[in-house]
Amino acid sequence: MPPVFAKLVAQLDYPMYVVTAAAGGERAGCLVGFGTQTSIHPPRFLACISRKNRTLRVASEATLLAVHFLSDEPRERELAELFGGETGDETDKFELCAWHEGPQGVPLLDEVPNRFVGRALERLDLGDHVGFLLEPVEAERGDGFDELGFQEAKAIDPGHPA
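Below is a summary of the structure that appears in this document. For every chain, the first residue of its written sequence is number 1, and the numbers climb from 1 along that sequence. Predicted model: local features are reported for residues with pLDDT of at least 70 only, side-chain atom pairs are reported and counted for 80 or more only, and whole-chain, interface and lining totals are derived from all residues. The basis for every side-chain value is the complete set of non-hydrogen atoms in the structure, without hydrogens or water.

1. Brief notes about the overall build of the protein chain
- Looking only at helices and strands, one finds four helices and nine strands in the protein chain.
- In DSSP terms, a helix is any run of H or I states spanning at least four residues, a strand is any run of E spanning at least two, and both are numbered starting from the N terminus. Starting at the N terminus and walking to the C terminus, you meet the elements of the protein chain as α-β-β-β-β-α-β-α-β-β-β-β-α.
- Buried residues are those whose accessible area, probed at 1.4 Å on protein chains only, stays under 20% of the maximum for their type, while exposed residues exceed 50% and partly exposed ones sit between those limits. Buried residues in the protein chain amount to 45% of all 162 residues.
- We call two residues contacting when some pair of their heavy atoms lies within 4.5 Å. When contacts within the protein chain are restricted to residue pairs at least 6 apart in sequence, those whose partners lie at least 24 apart make up 67%.
- To be clear on the numbers: accessible area is Shrake-Rupley with a 1.4 Å probe, and residue cover counts the displayed protein chains and nothing else. For the protein chain, the accessible area works out to roughly 8,600 Å², and carbon and sulfur atoms hold 51% of it.

2. Overview of the environment of Ser 60
- Tracing the sequence through the fold places Ser 60 in the loop between α2 (54-59) and β5 (64-69).
- In the structure, Ser 60 is positioned 60 residues away from Ala 120 in sequence and 9.0 Å away in space, judged by C-alpha atoms.
- Ignoring sequence-local partners within four residues, the contact set of Ser 60 consists of Arg 123 and Phe 132.
- Definition of a polar contact: a pair of N or O atoms within 3.5 Å, with one able to donate and the other able to accept a hydrogen when the atoms are protein atoms, and with sequence-neighbouring residues admitted only if both atoms are side-chain atoms. Here Leu 56 takes part through its backbone oxygen, which lies 2.8 Å from a polar atom of the side chain of Ser 60.

3. Remarks on the pairing of strand β9 (residues 129-140)
- Whether two strands pair comes down to DSSP finding at least two bridges between them. Direction of pairing for strand β4 (residues 44-50) relative to β9: antiparallel, over a ladder of six bridges. The residue bridging Leu 46 from the neighbouring strand is Leu 133, located in β9.
- Pairing of strand β8 (residues 115-125) with β9, which is carried by 10 bridges, proceeds in the antiparallel orientation. When the sheet's bridge partners are listed, Gly 118 is paired in β9 with Pro 136.
- Taking the residues between adjacent antiparallel strands as the criterion, β8 and β9 are bridged by three residues, where Gly 127 takes a positive phi near 90°.

4. Let's talk about the pattern of salt bridges
- Salt bridges are identified by distance alone: a Lys or Arg side-chain nitrogen within 4 Å of an Asp or Glu carboxyl oxygen. Taken as a whole, this structure holds nine salt bridges when the rule is applied.
- Two residues, Glu 26 and Arg 54, come together in a salt bridge whose shortest N-O distance is 2.7 Å. Residue Glu 26 is located in strand β2 (residues 26-32), and its partner Arg 54 is located in helix α2; the two are separated by 28 residues in the primary sequence.
- Glu 26 gets classed as partly exposed once you look at its relative accessible area, which sits at 41%.
- One salt bridge connects Arg 115 with Glu 140, and the closest N-O pair in it is separated by 3.1 Å. Note that Arg 115 is positioned in strand β8 and Glu 140 in strand β9, a separation of 25 residues in sequence.

5. Overview of the sheet that holds β9
- Within the open sheet, the seven strands sit side by side as β2-β1-β5-β8-β9-β4-β3. Their pairing is antiparallel. Either end of the sheet is taken by a strand with one partner, and the two such strands are β2 and β3 (35-39). Ignoring which end each strand starts from, the neighbouring axes of this sheet average 35° apart.
- Along the sheet, helix α3 (residues 74-85) makes contact with β1 (17-23), β2 and β5, crossing β2 at roughly 115°. With axes taken as lines fitted to C-alpha atoms, and helix axes fitted only over the stretch in contact, angles between N-to-C directions fall between 0 and 180 degrees.

6. What to know about the pairing of β4
- Counted residue by residue, β4 has seven buried out of seven residues, so it is predominantly covered.
- Both faces of β4 are covered, namely the face carrying Arg 44, Leu 46, Cys 48 and Ser 50 and the face carrying Phe 45, Ala 47 and Ile 49.
- A loop of four residues connects β3 with β4, the two strands running antiparallel in sequence.

7. What to know about α3
- Spanning 12 residues, α3 covers 16 Å between terminal C-alpha atoms, matching the ideal 16 Å at 1.5 Å per step.
- Looking at the buried positions of α3, the neighbouring elements they touch are β1, β2, β5 and β7 (107-109). Helix span is expected to be 1.5 Å times the residue number reduced by one.

8. Considerations on the state of the cysteines
- Here, two cysteine sulfur atoms that lie within 2.5 Å of each other are counted as a disulfide. Under the criterion given, the structure shown has zero disulfides.
- Note on Cys 48: no disulfide assigned, nearest cysteine sulfur contributed by Cys 30 at a separation of 11 Å.

This is the structure:
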């Protein structure tokens, strides 16, 4: 990778998300920085999960994923720390936060009102991440919010290397 490219993209301040999944009697979730809407008609969203992350193993078996749009509210910052700073290999993150089951058992974080559940249409090899192309099937929107951006979240010590 050209060194200038690494410096260029390090300056970006893209939104942060928590992606959750359930499959085979397991649940998982992680902090995601690589995600974006990819189409308006039909609606599509791409959520990218690191190959090193336990959530990838569960998400790969799941039909539905939930994408939680994080704000800079203190409790949502704490959830970013939890889902980004702990690994599900060692910690049941869901025992440390309020959540409930959504469609097909996908965990929905109670304290993140801006979220959607999407059907995984495709799984894409994107190098060190796997992209999940999602078709929204259910969405919830809270009040307006100031998103939690990468520049604010990059101080989180990751549970797994990115």
